[in-house]
Amino acid sequence: MSSTREASGGADPPPPATWSDALAGTHHSKFATRLFPPLTAAAHKGSHGRVAILGGSEKYAGAPYYAAQSALHCGVDLATVFTAKEAAVPIKCYSPELMVQSVYSIEELDGLLREEEGLLAKLEECKQTNDVMTHEVHEREMQKTMEKLEHSEERQQLLVQNELKRDDKMEVLAERLGKMQQIEGELGELRDRQDMAVQRSVDAVAAMFPSLHALCVGPGLGRHPLVFRVAAKVLRRAVESNLTLVLDADALYMLSLREYRPLLEELRGYDRCVMTPNVMEMRRLDDALDADTAEGATNIVVRKGRVDAILQGAQAMHCGEEGGLKRSGGIGDVLAGTLSAFLAWNAILERRDGSMDEGSKQRAFAAWASCCAVKMATKAAYRKKRRAMSAVHVLEEMGGVLEGMEGGLEASQEQALEQPAACAGEK
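Before going into details, it helps to say that this report is about the structure given with it. (Residues numbered from 1 in each chain as written. Predicted model: local features only at pLDDT ≥ 70, side-chain atom pairs only at ≥ 80, totals over all residues. Heavy atoms only, no water.)

**Looking at the pairing of strand 9 (residues 315-319)**
One ladder, built from five bridges, connects strand 8 (residues 308-312) with strand 9; its direction is antiparallel. Counterpart to Leu-311 in the pairing with strand 9 is Ala-316. Joining the antiparallel neighbours strand 8 and strand 9 is a turn of two residues, in which Gly-313 adopts a positive phi near 60°. (Pairing = 2+ DSSP bridges. Helix = DSSP H or I, 4+ residues; strand = E, 2+ residues; numbered from the N terminus.)

So, in structure tokens, the structure goes:
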């Protein structure tokens, strides 16, 4: 945020470290005033945000719940979870407020993978057998050529016998080649079925894009190869739809894999994409990209840590809010959901008011404010629960934290209006 100028023509002030810092200066308070959509009597269900989470698996059903529930606790109206069939019922049982839709079955996808592995094993076995037989045939061809130089009757009889054996080998070889072609045909049909299963899942998620303000991908997603294919196609469709994205956890692992590096490069150049890596995930992403691509990135990266860093190109903000001392599982998912809420509000205000000036900076500020909110909520939860604090207690504090943030913003605006009036009265 350091490239814009103050009205006075001077250089930008340093980025704020805490929410109080942001309200104290006129430069960053202008971004703060565009964070929260107003609550009005004219609003309808969905006016204050519709977000979706793509994630969850049989082992990790809690992560998408925390992300979606965090968005609701921030104040969005509707949250949908797209998940595996195996995780859908547990997530529904966690909260009646969430809309939960199973978009694929891990059991079905596992079956497709096992079938592929079986066919590939058969194909490899046929190839190895054919290689051995072909080698033997070539050896016999060489032997026959050498022995033709000798004209004894015994040698001629042996040559005839070897020729008959060679014909048998060639017949078996042809049969094996036919078997290989059959297996390759079955593999082609199987991969078509895999593609169809993946596409059904993608279409089910993408059908909701027109009604969404933000999509979060990754919490509890797991590392199933076919689920990764679903997630990758969903992300490409989301970019085509100009949808705001939050990428967390297994989605970041997926992007670090070699086969998904072109997608990573595309997303690093998409300024409506926010990535939330921890230290290890950041290292993987850095290793996956060359220095020039990383340096020219325009998306937002929230590098999580004791002090969260919000990075966008060469610009950086740091969240200096003090958090709680307990590092409970699920807090990263709470941050992903909070980011989704703040960025959904950003999208709502953009649609209402038209494209904002400094829109990418406004989104970076929203990401920074999200980090502040979660840090303050963890501090409040830790103060009450100490060692017993868990992510659910952080959720419980979110409403009060946001009320305090918005209340502080309103107070600073009132104070800003009173100051000119006081100065005029003194004159």
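**Things to note about the nonpolar core**
In terms of nonpolar packing, the biggest core is built from 67 residues, with Trp-19, Leu-98, Val-302, Ile-310, Phe-342, Phe-365 and Trp-368 touching the most fellow members. Looking at this core, the element that brings in the most residues is helix 13 (residues 359-385), giving 13 residues. Counting residues in each nonpolar core, the second largest holds 54 residues, with Phe-82, Leu-109, Val-205 and Leu-263 among its members. (Core = buried A, V, L, I, M, F, W, Y, C linked by side-chain atoms within 4.5 Å. Buried < 20%, exposed > 50% of the residue type's maximum accessible area, 1.4 Å probe, protein only.)

**Remarks on unusual backbone geometry**
Even without glycine at this site, Ala-249 takes up a positive phi of about 55°. Within the secondary structure, Ala-249 sits in the loop between strand 5 (244-247) and helix 8 (250-256).

**Some words on the sheet that holds strand 5**
With mixed pairing, nine strands are arranged side by side in an open sheet as 3-2-1-4-5-6-7-8-9. Strands with a single pairing partner mark the edges of an open sheet, and in this sheet they are strand 3 (99-104) and strand 9. Mean inter-strand twist for the sheet, computed between neighbouring axes without regard to direction, equals 20°. Both strand 1 (residues 50-54) and strand 4 (residues 214-217) contribute to a ladder of four bridges, which runs parallel. Bridged to Val-51 within strand 4 is Ala-214. The sheet contacts of helix 4 (residues 85-94) involve strand 2 (78-84) and strand 3, and relative to strand 2 the element is tilted by about 145°. Along the sheet face, helix 9 (residues 261-268) touches strand 5, strand 6 (273-275) and strand 7 (300-303) and points at about 115° away from the line of strand 6. (Axes fitted to C-alpha atoms, helices over the stretch in contact; angles between N-to-C directions. Contact = heavy atoms within 4.5 Å.)

**Comments concerning the pattern of salt bridges**
A complete count under the given rule lists 13 salt bridges for this structure. Between Glu-108 and Arg-200 there is a salt bridge, with its nearest N and O atoms 3.4 Å apart. Highlighted residues: Glu-108 in helix 5 (residues 106-147) and Arg-200 in helix 6 (residues 153-206), separated in sequence by 92 residues. For Glu-108, a relative accessible area of 39% puts it in the partly exposed group. Of the charged contacts in the structure, one is a salt bridge between Arg-191 and Glu-116, with a shortest N-O distance of 3.0 Å. Of this pair, Arg-191 sits in helix 6 while Glu-116 sits in helix 5; the two residues are 75 residues apart in sequence, bridging distant segments of the chain. Judged by its relative accessible area of 35%, Arg-191 is partly exposed. The network of salt bridges with common partners includes Asp-271, Arg-272, Glu-350 and Arg-363. (Salt bridge = Lys/Arg side-chain N within 4 Å of Asp/Glu carboxyl O.)

**Quick look at helix 10 (residues 279-288)**
Of all the positions in helix 10, only Glu-281, Met-282, Leu-285 and Ala-288 are classed as buried. One face of helix 10 carries all of its buried residues, which in axial projection span an arc of 125°. With respect to the buried face of helix 10, the exposed residues turned more than 90 degrees away are Val-279 and Asp-287. For helix 10, the side-chain oxygen to backbone nitrogen distance between the N-cap and Met-280 is 3.2 Å, and the N-cap itself is Asn-278. (Arc of directions from axis to C-beta. Polar contact = N/O pair within 3.5 Å; in protein donor to acceptor, adjacent residues only side chain to side chain.)

**Some remarks on the environment of Val-89**
Tracing the sequence through the fold places Val-89 in helix 4. We classify Val-89 as exposed; its relative accessible area is 54%. Residues Val-89 and Val-100, spaced eleven residues apart in sequence, show a C-alpha to C-alpha distance of 8.3 Å.

**Brief notes about the pairing of strand 7**
Bridge count for strand 6 against strand 7 is two bridges, and the pairing is parallel. Counted as the bridge partner of Met-275 is Val-301 from strand 7. Joining the antiparallel neighbours strand 7 and strand 8 is a turn of four residues.

**Here's the deal with the environment of His-213**
Along the chain, His-213 falls in the loop between helix 6 and strand 4. It is 8.7 Å that separates the C-alpha atoms of His-213 and Asn-346, two residues lying 133 residues apart in sequence. In this structure His-213 touches Gly-46, Gly-49, Arg-50, Leu-243, Thr-244, Ala-344, Ala-347, Ile-348 and Arg-351, once residues within four positions along its chain are discounted.

**Thoughts on the layout of surface pockets**
If a probe the size of a water molecule is rolled over the atoms, the empty space left behind becomes visible. Estimates place the volume of the largest pocket at around 830 Å³. In terms of lining residues, the largest pocket is bounded by 34 residues, among which Lys-304, Gly-305, Arg-327, Ile-331 and Gly-332 are the most central. Of all the elements in the fold, those that place two or more residues in the lining of the largest pocket are helix 10, helix 12 (331-353) and helix 13. There is about 360 Å³ of room inside the second largest pocket. (1 Å grid on protein atoms, 1.4 Å probe; cavity = no way out; pocket = protein on both sides within 12 Å on 5 of 7 lines; lining within 4 Å. Points joined across faces, edges and corners; volume = space filled by probe spheres on them.)

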